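Chain by chain, the residues:
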Amino acid sequence: MSVDRVYNVLFLCTGNSARSILAESILNAEGKGRFRAFSAGSYPKGTINPWAIRTLDALGYPSSGFTSKRWDVFAEPGAPQMDFIITVCDDAAGEVCPIWPGHPASAHWGIEDPSTVEGSEVDKGRAFAQAARYLKNRIMLLVNLPLASIDRLALEAHLHEIGQIEGSTSLRA
């Protein structure tokens with residue numbers, strides 16, 4: 001990995017309407033030009049959850065221009081070659097993914113789905129804010145990794161460790 005290049009990161013989720021959209025926006029802002037984030041889903045809903053947009057707006061992140069799309073568009077010829085593939089939902093992590101050109105580093109950063117929260121508007125807003133916070137914490141660890149000085153094995157280990165921090169769905173036993 002090199003310090004002088006832009007790293008492409010694909011966030012995957014089943015519906016590509018909430019968590020993966022939050023992650024895409026947050027990394028594109030926090031990556032400060034060193035990272036270019038994308039998102040996709042195995043069974044995209046076709047629309048972005050309005051709470052994802054509200055949450056991004058409230059946190060000062062870009063909230064427009066997102067589309068809910070299938071992940072296989074990133075495995076087609078001419079698609080950007082990914083350096084990292086990160087699943088943010090347990091369902092997508094368990095599915096058979098396309099073969100990604102270039103064999104990108106991959107990890108699972110499972111976060112509870114805020115779009116499944118029922119209740120008041122406050123409850124829904126709290127769930128989306130919490131998901132965004134958990135994702136931002138992971139993203140900040142990613143952008144601060146010394147990518148130019150660690151080998152692939154160490155990189156994958158760091159990515160997996162990041163996925164285990166507070167809020168991880170895989171911490172439940």
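Below, the structure is looked at part by part. (Residues numbered from 1 in each chain as written. Predicted model: local features only at pLDDT ≥ 70, side-chain atom pairs only at ≥ 80, totals over all residues. Heavy atoms only, no water.)

### Structural notes on the packing of aromatic side chains
Okay, so step 1: Inspection of every chain in the model, using the stated rule, returns six aromatic pairs.
Okay, so step 2: Arranged with centres 5.7 Å apart and planes meeting at 40 degrees, the rings of Y7 and F35 form a pair that is tilted. Remark: F35 occurs in strand β2 (residues 35-41) and Y7 occurs in strand β1 (residues 7-13); sequence separation between them is 28 residues. One exposure class covers both Y7 and F35, and it is buried.
Okay, so step 3: Ring centres of F11 and W109 lie 6.3 Å apart, and the angle between their planes is 55 degrees; this geometry places the pair in the tilted category. Remark: W109 occurs in the loop between β4 (105-108) and α4 (121-143) and F11 occurs in strand β1; sequence separation between them is 98 residues. The residues F11 and W109 share a single accessibility class, namely buried.
Okay, so step 4: Following the ring pairs from residue to residue traces out a cluster consisting of Y7, F35 and F84.
Okay, so step 5: Lying over the aromatic face of Y43, R70 brings its terminal NZ or CZ to 5.9 Å of the ring centre. (Phe/Tyr/Trp six-rings, centres within 6.5 Å; stacked < 30°, edge-to-face > 60°. Helix = DSSP H or I, 4+ residues; strand = E, 2+ residues; numbered from the N terminus. Buried < 20%, exposed > 50% of the residue type's maximum accessible area, 1.4 Å probe, protein only. Lys NZ or Arg CZ within 6 Å of the ring centre and 35° of its normal.)

### With respect to unusual backbone geometry
Okay, so step 1: In this structure, N16 takes a positive phi of about 50 degrees despite not being glycine.
Okay, so step 2: Checked against the element boundaries, N16 lands in the loop between β1 and α1 (19-30).
Okay, so step 3: Residue N16 is classed as buried on the basis of its relative accessible area, which comes to 0%.
Okay, so step 4: Even without glycine at this site, K32 takes up a positive phi of about 45 degrees.
Okay, so step 5: One can find K32 in the loop between α1 and β2.
Okay, so step 6: Overall, the relative accessible area of 64% leaves K32 in the exposed class.

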